[in-house]
Amino acid sequence: MSLHCPSCGSPQVSTHLSAMRIAAFIGMLGGALRGAGTILLTGPAIASSGLAKPPNVNLNALSSAILNGLVGAAGGCAMGAQLGEKLDRHVLAHNHCLSCGHRFNQTV
Ligand SMILES: [Zn+2]
């Protein structure tokens, strides 16, 4: 796929996907916190009731929190990236012509 500047027709166009990066990062953080948070919130209740082997319970809760956080981060990152890409493509002028300096949105 090659982009051409609508103003001067130059094929030298740079694309900035700033909103995609930011949204992906926010989505990743949110997903990680949500994934880890659900386990960490239920973790202390499990740990206090499990009197037999508290260290193992804590370790399991911690590893589950990390795993859920990673899964949540991956999902959140993908969702954020999709949202940010739409923002970049349709709302923000993310294409910058290197020949004439014109900024424009991708129409398709
Ligand atoms: Zn141009």
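Enquirer: Before we move on, could you go through a nonpolar patch on the surface and cite the residues and values that matter?
Expert: Residues I22, F25, I26, M28 and L29 make up a contiguous nonpolar surface patch of about 480 Å² in total accessible area. In this structure, L29 sits in helix α1 (residues 18–49). Its relative accessible area of 42% is what places L29 among the partly exposed residues.

Enquirer: Tell me what's going on with the coordination of the zinc ion, and back it up with residues and numbers.
Expert: For the zinc ion, the full set of protein donor atoms is C5 (SG), C8 (SG), C97 (SG) and C100 (SG), at a range of 2.3 Å. Here the zinc ion is ringed by four donor atoms whose angles at the metal span 105 to 114°, and the overall shape comes out tetrahedral. For the zinc ion, the donor residues sit on a single chain with the sequence spacing C-x2-C-x88-C-x2-C. On the criterion of sequence distance, the pair formed by C8 in the segment before β1 (13–15) and C97 in strand β2 (residues 95–97) is long-range, its members being 89 residues apart.

About the criteria used
Residues numbered from 1 in each chain as written. Predicted model: local features only at pLDDT ≥ 70, side-chain atom pairs only at ≥ 80, totals over all residues. Heavy atoms only, no water. Patch = residues over 30% accessible without salt bridge, like charges linked within 9 Å, V, L, I, M, F, W, Y side chains within 5 Å. Areas by Shrake-Rupley, 256 points an atom, 1.4 Å probe, with all protein chains shown as cover. Salt bridge = Lys/Arg side-chain N within 4 Å of Asp/Glu carboxyl O. Helix = DSSP H or I, 4+ residues; strand = E, 2+ residues; numbered from the N terminus. Buried < 20%, exposed > 50% of the residue type's maximum accessible area, 1.4 Å probe, protein only. Donors = N, O, S within 2.8 Å, 3.2 Å for Na, K, Ca; no water. Tetrahedral: all angles 85-135°; square planar, octahedral: opposite > 155°, others 65-115°.

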